[in-house]
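Single-letter residue listing:
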Amino acid sequence: MTHVSLTVNGAHHQADVEPRTLLVYFLREQLGLTGTNVGCDTSSCGSCTVHLDGESVKSCTLLAVQADGREVTTIEAVATDGELSPLQESFHRHHGLQCGYCTPGMIMAASSFLKENPSPTEEEVREALEGNLCRCTGYQNIVESILDAAGQTSGARA
Amino acid sequence: MVSTERFIGQPVLRKEDPDLLTGQARYIDDWTMPGMVWMAMVRPPYVHATIEAVDTTAAAAMPGVVGVFTADDLDLGALPFVWPITEDIKVPVHYALTKDKIRFAGDAVAVVVAASREQAIDAAEAVSVRATVLPAITDIEEAAADGATLIHEDLGTNVTVHWVHGGAGDQGVFDTAPVIVTERYIQPRLIPNAIEPRGCLAYGVQSMGEYTLVSSTQIPHIVKVTLSGVTGIAEQKLRVIAPDVGGGFGSKLNVYAEEALALGLAKKLGVPVKWIEGRGENYVGTIHGRGVLHDVTLAADKDGKLIGMKFVELADMGAYYQLLTPGIPELGGWVYMGPYDPQTYWYEFRGVLTNTTPTDAYRGAGRPEATYVVERAMDALARKVGKDPAEVRRINLHPPFDEATPFICGLSVDSGNFEPLLDKALELVDYDAMRAEQRTRRDRGDVKQLGIGITTYIEMCGLAPSNILGALRYAAGGWDGATIECLPLGEVILKTGTSPHGQGHETSWAQIVADGLGVDPDKVTVLHGDTMITPLGMDTYGSRSLSVGGVAIHYAMEKVKEKARTIAAHELEVSEDDLDWSDGSFRVKGAPDKARTIPEIALSAWHAHALPDGVEPSLHATAVYDPKNFTWPSGAHACVVEVDTETGHTDILRYVAVDDCGTVINPMIVEGQVHGGVAQGVAEALYEEAIYDDLGNLMTSSMTQYLIPSAMEIPHMITDNSQETPSSTNPLGVKGIGEAGTIASPPTVINAVVDALSHLGVTDVGKPASPERVWRAIREAKGALA
């Protein structure tokens, strides 16, 4: 067991973990934050995307011990007091989700992307989502949701 | 509270979204229980092998291990197979754990139960299996050949089923018609890849014999009745819950070994047992789709007018039958005429066992396979008679009709008006301009050539009239149920037998109830996916939910309103005939201000202080609807591709989907279904394919090798669902939209790729049209021309 100390969604946590524990299972099973999902074994699908020190990472590619001393944000911290964030609200308005399984990862990937590029083109949004797979929506309404949240419209191709 | 607004046809935002958006949803892996243990499957690294010994000693001694179990340790019956489509079908025996042989990579020989997920997986790897390797067959033609190694020796053959559609018309036309087109098309295996893997949690009370299975399934009701048989748990003591389910696409329209094992172990051990599929397991242990080969013959006159259509198919069943396996090609057997009107029809298929994961329903289930070969062959016919492919389709489209009309396949189609759909697709894709641009590029000899693909299709949803299912030897019915409860404070509960996993039933169903009962959709709560709460159901697959389960809601509302009318007449002191239902209320004819709303009547029915004689308290009703016919959506898709003739790379420049799904309840959700369906079809056309090596190993065994497209690969889509030809099958006029995109898009894209290269002599590019395949097709055509 290895000791870790980290901040998750603003709260400080200390825990003993098996060294092989992936960050995603630490979040899900030790902290009970089950909003972050697991969809593959190969870091391909992006369902497990969270923020590490403000940047999006796939939490299945990190060990919990690698998050020691750092700050993690998960989907549970995106809405405030039950109030959806503008990006979540945009996904709702544009039907940017169906089964919802990839959605937390999409929201986390998109919010970090919009911080880097607040006024993206459709092409840039599609490129930013390359590491997040969705099997339901065909991506079109996800792209719309993100563009609208950024105050852009689709058709603004690069 | 009371609404006079119309909600059907409005893009009402989804009620499902808030918990999905905030991480509060509860998918199966989010469920946990005190005392819960974990199950892991032992799948040895063999594809085809005779088992000599399974040694569990080392595994049993590992940390946290509760036990290691083989088939002999558990008292489980054979897994369910419910569609023996012919009298003489040969049915492989299929147990949750195999004893004698391993027949495909997902065949498990044992299960490990341990305190944690990791301990169970570690111990599963420590189970050692001694086995004699047998030759593995993954190719259907090889498996069907005389003398092939047998997958199941007791069956005496790998060709276990032969289904022949009776045919129709003069079969001599395939020799005598002025134009004969013969083509062979191969459609590879596909891996469904719902982003949430499967998983389940079984728990219960041993002393009571009562058990619950929570499973990531599309079909809790079917799982309940079939697993009662497998596990010996009395049906009335087994409850199945589908929690939030992260996509299905047919892959969760099944009853799996792991579900039976988890229940069996919960019963044996008396503790909750959980299993979560890894993605690697999903690639071998969850059903695959497609995997078929067709020989096609079209007979036509010299103008390209169809006379006869004939299809002979070889279909890969995999190593066992899962729930429906041979029923999938048969389901396609009713749509090989497309929206056309030939006088002669023939379809037959042979099902072949191979050393691969069983195939079963994958989005479209039989209809994409059929539509692909019909529409590829229509383009081949157009090339042969030297006509534009749009024109050849146009002259063959069945004329419009709005009542059930017999088609050459032997079934009656509910309604259809096909030509305006084609016109709309051609207009939206800017057909003439694209043809002009294509000519220009050809004249210039551009490296990047343009191709235009078209599909006109019809498909069959609304599974199904129970009497037809019976005639087709399917073991269950095709009805669905709805219960409406009008609560005293004005809210309404709808219990539906459908089991959504992304389709938005909570929203669309609430719209139907809102219009029917004159309440706001926000006042309607839709409950689903739990056999204890909604016992009357047949679940969600085959685009059936709206056209069967949605119609059941209509009939339940009729019953509610019949009772409500009696109460309203009593309170308003008029006869029932003196009441009109308008603007969400029962109103006295000639005095419309004298009225009662459903919520008002619900309160009266609840306190029951002054009900008319013979009327029971409470305003609620249940209806079970058995459709009298299938429903038949139709449409036209068109796409423009740019193919790089040097690299073989294909880009989709424009994609147009024009679909007529009858009455649209929620256009936003319908559009979303089309988007997702087209994306899956584009994936099938350009990227996805299960590939095996010579030893039978799946080479595309993870998301890194199996190319699921991202937002970069899927094009922007133009959709149009404005033509709503009402179904004559049901009073809502609805047809279904869940699979249309996946049915129409693969031939549309491939036709476009072939069209881009047809001037180079290319007549066929297989699915998926990878750069390598396209490049080779160009090389071969050049060689042939030289």
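The numbers attached to residues start from 1 for each chain and follow its sequence in the written order. Each chain takes a letter, starting from A, and each ligand takes a number, starting from 1, following the order in which they are written. In keeping with the model being predicted, local features are shown solely for residues with a pLDDT of at least 70 and side-chain atom pairs are shown and tallied solely at 80 or more, while totals for entire chains, interfaces and linings include all residues.

A. A look at the overall build of chain A. The secondary structure content of chain A amounts to five helices and five strands. Note on conventions: DSSP H or I runs of at least 4 residues are helices, E runs of at least 2 residues are strands, and numbering of each starts at the N terminus. The order of helices and strands in chain A, counted from the N terminus, is β-β-α-β-β-β-α-α-α-α. Atoms counted for the radius of gyration: C-alpha only. Globule rule: 2.2 Å times residue count to the power 0.38. Over its C-alpha atoms chain A spans a radius of gyration of 16 Å, differing by no more than 12% from the 15 Å that the globule rule assigns to 158 residues. On the principal axes, the C-alpha backbone points of chain A span a range of 50 × 30 × 25 Å. Put simply, a residue is buried when 20 or more other C-beta atoms lie within 10 Å of its own C-beta and exposed when 12 or fewer do; between those, it is partly exposed, and each C-beta is set from the backbone. Residues classed as buried in chain A amount to 56% of the 158 residues present. Once C-beta atoms have been placed from the backbone, residue pairs whose C-beta atoms lie within 7 Å are recorded as contacts. Nonlocal contacts in chain A, meaning residues at least 24 apart in sequence, comprise 61% of its contacts between residues at least 6 apart.

B. Structural view of the overall build of chain B. Each helix and strand counted, chain B has 20 helices and 28 strands in total. Its C-alpha atoms give chain B a radius of gyration of 28 Å, near enough to 28 Å, the size a compact globule of 786 residues would have. Across its three principal directions, the C-alpha atoms of chain B cover 90 × 70 × 50 Å. Sequence-distant contacts in chain B: of pairs separated by 6 or more residues, those separated by 24 or more amount to 80%.

C. Spatial organisation of the pairing of strand β4 (residues 55–58) of chain A. Residue and element names in this part refer to chain A. Judged from the four bridges that link them, strand β3 (residues 49–52) and β4 form a sheet pairing that is antiparallel. By the bridge assignment, His51 is partnered in β4 with Ser56. Should DSSP find at least two bridges between two strands, the strands are regarded as paired. Linkage of β3 to β4, two consecutive antiparallel strands, is achieved through a turn of two residues, within which Asp53 is found at a positive phi near 50°.

D. Quick peek at the environment of B:Leu293. Residues and elements named next belong to chain B. Summarising the element assignment, Leu293 is placed in strand β13 (residues 289–300). According to the C-beta neighbour criterion, Leu293 is buried, with 21 such atoms within 10 Å. Separated by 189 residues in the primary sequence, Leu293 and Phe104 place their C-alpha atoms 21 Å from one another. Aside from chain neighbours lying at most four places away, what touches Leu293 is Ile140, Ile186, Glu313 and Leu314.

E. Expanded view of the interface of chain B and chain A. In this complex, chain B contributes 44 residues to the contact, which on the side of chain A involves 47 residues. For the side of chain B that touches chain A, the elements supplying multiple residues, two or more each, are α1 (17–21), α8 (279–285) and α18 (667–686) of chain B. Sorting elements by how many residues they give to the side of chain B that touches chain A places α18(B) first, with seven residues. Polar here means any residue other than Ala, Val, Leu, Ile, Met, Phe, Trp, Tyr, Cys and Pro, which are nonpolar, and Asp, Glu, Lys and Arg, which are charged; Gly is therefore polar. Of the residues assigned to the side of chain B that touches chain A, the class counts are 20 nonpolar, 17 polar and seven charged.

F. Representation of the sheet that holds strand β28 (residues 717–720) of chain B in the model. Residues and elements named next belong to chain B. Strand order across the open sheet formed by four strands is β18-β26-β27-β28, with mixed pairing between neighbours. Edge positions in the open sheet fall to β18 (448–458) and β28, since each of these has one partner strand only. Strand after strand, the sheet turns through a mean of 10° between neighbouring axes, direction not considered. Across four bridges, strand β27 (residues 650–660) lies against β28 in parallel orientation. Directly across from Ala657, in β28, lies its bridge partner Thr719. In the packing of helix α19 (residues 740–757) onto the sheet, the strands contacted are β18, β26 (634–644) and β27, and the crossing angle to β18 comes to about 145°. The axes used here are C-alpha line fits, helices contributing only the stretch in contact, and every angle between their N-to-C directions lies in the interval 0 to 180 degrees.

G. Summary view of unusual backbone geometry. Residues and elements named next belong to chain B. Residues Leu463 and Ala464 are joined by a peptide bond in cis, for which omega reads -10°. In this fold, Ala464 is placed in the loop between β18 and α14 (466–471). Notably, Asp539 is not glycine yet its phi reads approximately 80°, a positive angle. Tracing the sequence through the fold places Asp539 in the loop between β21 (524–527) and α16 (545–572). Taking the number of C-beta atoms within 10 Å as the measure of exposure, Asp539 has 25 and is therefore buried. In this model, Ser543 sits at a positive phi of 50°, which is unusual for a non-glycine residue. Looking at where Ser543 falls in the secondary structure, it is placed in the loop between β21 and α16.

H. Geometry of the environment of B:Thr650. All names here are of chain B. Locating Thr650 in the fold gives a position in strand β27. Taking the C-beta count within 10 Å as the criterion, Thr650 has 24 such neighbours and is therefore assigned buried. For the pair Thr650 and Glu459, spaced 191 residues apart in the sequence, the C-alpha separation amounts to 28 Å. Once you skip the residues sitting within four places of it in the chain, Thr650 turns out to touch Val641, Val643, Leu686, Val753, Ala769 and Val774.

I. Region of interest: the environment of B:Glu403. On the secondary structure map, B:Glu403 appears in the loop between α11 (389–396) and β16 (405–406). Counting along the chain gives 11 residues from B:Glu403 to B:Asp414, while the straight-line C-alpha distance between them is 5.8 Å.

J. Layout of the sheet that holds strand β4 (residues 101–102) of chain B. Residues and elements named next belong to chain B. With respect to topology, three strands assemble into an open sheet ordered β4-β2-β6, the strand pairing being antiparallel. Edge positions in the sheet fall to β4 and β6 (128–133), since each of these pairs with one other strand and no more. As judged from the six bridges shared by strand β2 (residues 49–55) and β6, these two strands associate in the antiparallel manner. Residue pairing in the sheet places Ala53 in a bridge with Arg130 of β6.

K. Summary view of the confidence of the model for chain B. As a per-residue measure, pLDDT tells how confident the predictor is, with possible values from 0 to 100. Considering every residue of chain B, the mean pLDDT works out to 97; 99% of them sit at 70 or more. Here the complex is predicted with pTM 0.97, and the ipTM for its interfaces comes to 0.97.

L. Just the nonpolar core, in detail. Residue and element names in this part refer to chain B. Residues Val111, Val112, Val513 and Val753 are the most contacted members of the largest nonpolar core, which totals 298 residues. The biggest single contributor to this core is α16, with 11 residues. Residues in contact with Val112, not counting those within four places in the same chain, are Ala40, Val42, Ala59, Val65, Val68, Ala120, Ala123, Ala124 and Val127. Nonpolar cores are built from buried Ala, Val, Leu, Ile, Met, Phe, Trp, Tyr and Cys residues. These are joined into a set through C-beta atoms within 7 Å.

M. View of helix α7 (residues 257–269) of chain B. All names here are of chain B. With 13 residues, α7 should cover 18 Å at 1.5 Å per step; its first-to-last C-alpha distance of 18 Å lies within 8% of that length. Of all 13 residues making up α7, 11 are buried, and the element is well covered by its neighbours. Among the residues of α7, those classed as buried are Ala257, Glu258, Glu259, Ala260, Leu261, Ala262, Leu263, Gly264, Leu265, Ala266 and Lys267. Just downstream of α7 lies Gly270, where phi reads positive at about 75°. To estimate the expected span of a helix, subtract one from its residue number and multiply by 1.5 Å.

N. How the structure looks around the packing of helix α2 (residues 86–93) of chain A against helix α3 (residues 103–116) of chain A. All names here are of chain A. Interhelical geometry of α2 versus α3 gives an angle of 130° and a closest axis separation of 10 Å. Our classification of the angle between α2 and α3 gives oblique. The element α2 and its partner α3 pack so that their crossing is right-handed. Here α2 contributes Leu87, Gln88 and Phe91 to the contact with α3, which in turn contributes Thr103, Ile107, Ala110 and Ser111. To sort the angles, those under 35 degrees are grouped as roughly parallel, those over 145 as roughly antiparallel, those from 65 to 115 as roughly perpendicular, and the leftovers as oblique. By definition, turning the near helix anticlockwise from the far helix through less than a right angle yields a left-handed crossing, and turning it clockwise yields a right-handed one.

O. Main features of the packing of α11(B) against helix α12 (residues 419–429) of chain B. Residues and elements named next belong to chain B. Running from N to C, α11 and α12 cross one another at 165°; their axes reach a closest spacing of 10 Å. Viewed along their axes, α11 and α12 adopt a mutual orientation that is roughly antiparallel. For α11 against α12, the interelement crossing comes out left-handed. Along its contact with α11, which presents Ala390, Arg393 and Arg394, the element α12 presents Glu419, Leu422 and Leu426. Its residues placed into classes, the contact of α11 with α12 shows three nonpolar, no polar and three charged.

P. Fine view of the pairing of strand β12 (residues 273–276) of chain B. Residue and element names in this part refer to chain B. Of the two faces of β12, the one carrying Val273 and Trp275 and the one carrying Lys274 and Ile276 are both buried. Looking at chain direction, strand β1 (residues 37–42) and β12 are connected through two bridges and run parallel. Paired with Val37 across the two strands is Val273, which belongs to β12. Here strand β9 (residues 199–205) runs beside β12; their pairing, made up of four bridges, is antiparallel. Bridging from a neighbouring strand, Ala202 pairs with Val273 of β12.

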